[in-house]
Amino acid sequence: MNMDRRAAAWPLLRHAAPPASDGTILDIDVESAGWEYVGVAAYRLRPGQPVTCLGDDRERLVLVLEGRAEVRVGETDLGVLGSRSSVFDGPPPPVVLVAPGTAVDLVARTDALVVVASAPGGPVEITRLFGPDEILVEARGSGQTARRIHHLLPPAVEAGRLIAYEVFTPGGNWSSYPPHKHDTEDPPVEARLEELYFYRFARPQGFAFQRVYTRDGSLDEALTPHDGDVVLVPRGYHPVGAPAGYDCYYLNVMAGPNRAWYFTIDPDHAWLMDWNPAAPAAAPEEARA
C-alpha cells in the first residue's frame, strides 16, 4: 500500500460528534487509536442521564469537567460532584481515580460534560477522590507562551499509569512549548508516553493549530482541532498555537509502560525554554480564574 511517509498510520485528529442517545460525543479505545495504552470517552449529558463503566483490567480517570453529576465508584457513593459550569470558569474539577476492577456509575444532575479516560492497570491500584482545593494551579511560561496549568493527576500523585493535566492558553499564545517529545523509554532523560489532547474553546467557533512531527520527517502533520475534538500524539514533538481571539482549553491524558514524565526539547527550539518542569510555580490567586 502506498502511503505518504510523513503521515501517521492512524488519523491523529478525531472529531466530536453530536451526542448519541447515551450522550457520547467521542469514544476512542486503544484499537481505534492504533496504540497500546490510552483510551478516552466524552459525554454531553442532560439532567438525569446515566453513564456506566463496568469494572475491568483498566484504571480510569473520571472528570466532571462541566456541570454536576452524582458519582458512585463500586459501593462508594461520592455524592454530587462538579465545580464549574464551563471549563473556563476557573477552579479545577474534582478528580476521581478508579482502580481496575471497579465499576463507575454516574448520573448527571445538570447539563454536564464528563470525560472518562483509561489505561491498563499498573503496579499501583488505588481509588481516590481529589477535591479542587487539592490540585496545584501553575503559572507556566511568559509573554506569548504564558498559560495556566491544572495538575489533575501528576506523576507525584500515587496512581497506576495515568497522568493528566488541564491547560488554558490565551488566544494568540503558544503552549506545549517549546516543542517537546516523550516517545523513547530512556529514564530519566525521557519516558515513553502516549498522549491525547481534548479541546474546548471559550468561543464555540474557535480552533487551534497543533503540529505533530519528528526531526527525521517520518511524521509531520499540522492539525486544526475544533471544540470537542481530540488530537492523538503517539510520538514526536507536538506544540499548540491558539489563534488570536480564541482562548483555548485542553485536557492532556498520558500513559505508557512506566508512570513518569520525562521529556526532550527539540534542540532547534530549546532556547525558548522558560519554565522548570521540576519546580512548577503556583499561579497567583488573581491569575486562577
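Structure shown above.
Student: How do you make sense of the environment of Arg140 when you look at a structure like this?
Tutor: Within the secondary structure, Arg140 sits in strand E11 (residues 137-140). Overall, Arg140 belongs to the buried group, its relative accessible area being 9%. Considered as a pair, Arg140 and Ala282 are 142 residues apart in the sequence and their alpha carbons are 8.7 Å apart. Those residues in contact with Arg140, other than ones at most four positions away along the chain, are Thr145, Ala146, Arg147, Ile149, His151, Trp261 and Trp275. A polar atom in the side chain of Arg140 sits 2.9 Å from the side chain of Glu138.

Student: It is not clear to me how the pairing of strand E3 (residues 39-45) should be interpreted in this structure. Could you clarify?
Tutor: Regular strands have side chains that alternate between both faces of the sheet. Among the seven residues that make up E3, six are buried, leaving the element largely enclosed by the rest of the structure. Two elements, strand E2 (residues 24-28) and E3, share four bridges in a ladder whose sense is antiparallel. Bridge pairing links Ile28 to Val40 in E3. With seven bridges connecting them, E3 and strand E9 (residues 112-120) associate as antiparallel partners. Each residue of the ladder has a partner; that of Ala41, found in E9, is Val116.

Student: Sorry, what's going on with the side chain of Arg60 here?
Tutor: With respect to the helices, strands and loops of the structure, Arg60 is situated in strand E5 (residues 58-73). Reaching out from Arg60, the side chain makes a polar contact with the side chain of Asp56 at a distance of 2.8 Å. When near neighbours in sequence (up to four residues on either side) are disregarded, Arg60 contacts Cys53, Leu54, Val96, Leu97, Val98, Val116, Ala117, Ser118 and Leu162.

Student: Could you clarify how one ought to interpret the nonpolar core in this entry?
Tutor: Within soluble globular proteins, side chains that are nonpolar tend to cluster in buried spots. Grouped together as the largest cluster of nonpolar side chains are 62 residues, with contacts concentrated most on Phe198 and Tyr199. A total of seven residues in this core trace back to one element, the largest contributor, which is strand E21 (residues 248-255). Among residues more than four places away in sequence, those in contact with Phe198 are Leu26, Ala42, Leu65, Leu113, Val115, Gly228, Asp229, Val230, Tyr249, Tyr250 and Leu251. By size, the runner-up hydrophobic cluster in this structure holds 19 residues, among which are Leu45, Val62, Val71 and Leu106.

Student: Looking at this structure, I do not really get the sheet that holds strand E20 (residues 240-241). What am I missing?
Tutor: Two modes of strand pairing occur in sheets, parallel and antiparallel, and in both the strands are linked by backbone hydrogen bonds. The strand order across the open sheet built from four strands is E14-E20-E17-E18, with neighbouring strands paired in antiparallel fashion. Taken across any chain shown, the strands that pair with only one partner, and hence form the sheet edges, are strand E14 (174-175) and strand E18 (220-223). Judged from the four bridges that link them, strand E17 (residues 209-213) and E18 form a sheet pairing that is antiparallel. Across the sheet, residue Gln210 finds its bridge partner in E18, namely Leu223.

Student: Help me out: how do you make sense of the packing of aromatic side chains in this one?
Tutor: To describe a pair of aromatic rings, you give the distance between the ring centres and the angle between the ring planes. For the structure on display, the rule yields 15 aromatic pairs. An angle of 45° between the planes, with centres 5.7 Å apart, marks the rings of Tyr165 and Trp261 as tilted. One end of the pair, Tyr165, is in strand E13 (residues 163-169); the other, Trp261, is in the loop between E21 and strand E22 (264-265), and 96 residues separate them in sequence. Tyr165 sits in the buried class, given a relative accessible area of 5%. A centroid spacing of 6.0 Å and a plane angle of 5° characterise the contact between Tyr199 and Phe201, whose relative ring orientation is stacked. Assigned by exposure class, Tyr199 and Phe201 land together as buried. The rings of Tyr165, Trp261, Phe263 and Trp275 are connected pair by pair, giving a single aromatic cluster. Over the aromatic face of Trp275 sits the side chain of Arg140, whose NZ or CZ is 4.0 Å from the ring centroid. Over the ring of Phe168 we find Arg148, and its NZ or CZ is 4.0 Å from the ring centre.

Quick notes on the rules
Residues numbered from 1 in each chain as written. Predicted model: local features only at pLDDT ≥ 70, side-chain atom pairs only at ≥ 80, totals over all residues. Heavy atoms only, no water. Helix = DSSP H or I, 4+ residues; strand = E, 2+ residues; numbered from the N terminus. Buried < 20%, exposed > 50% of the residue type's maximum accessible area, 1.4 Å probe, protein only. Contact = heavy atoms within 4.5 Å. Polar contact = N/O pair within 3.5 Å; in protein donor to acceptor, adjacent residues only side chain to side chain. Pairing = 2+ DSSP bridges. Core = buried A, V, L, I, M, F, W, Y, C linked by side-chain atoms within 4.5 Å. Phe/Tyr/Trp six-rings, centres within 6.5 Å; stacked < 30°, edge-to-face > 60°. Lys NZ or Arg CZ within 6 Å of the ring centre and 35° of its normal.

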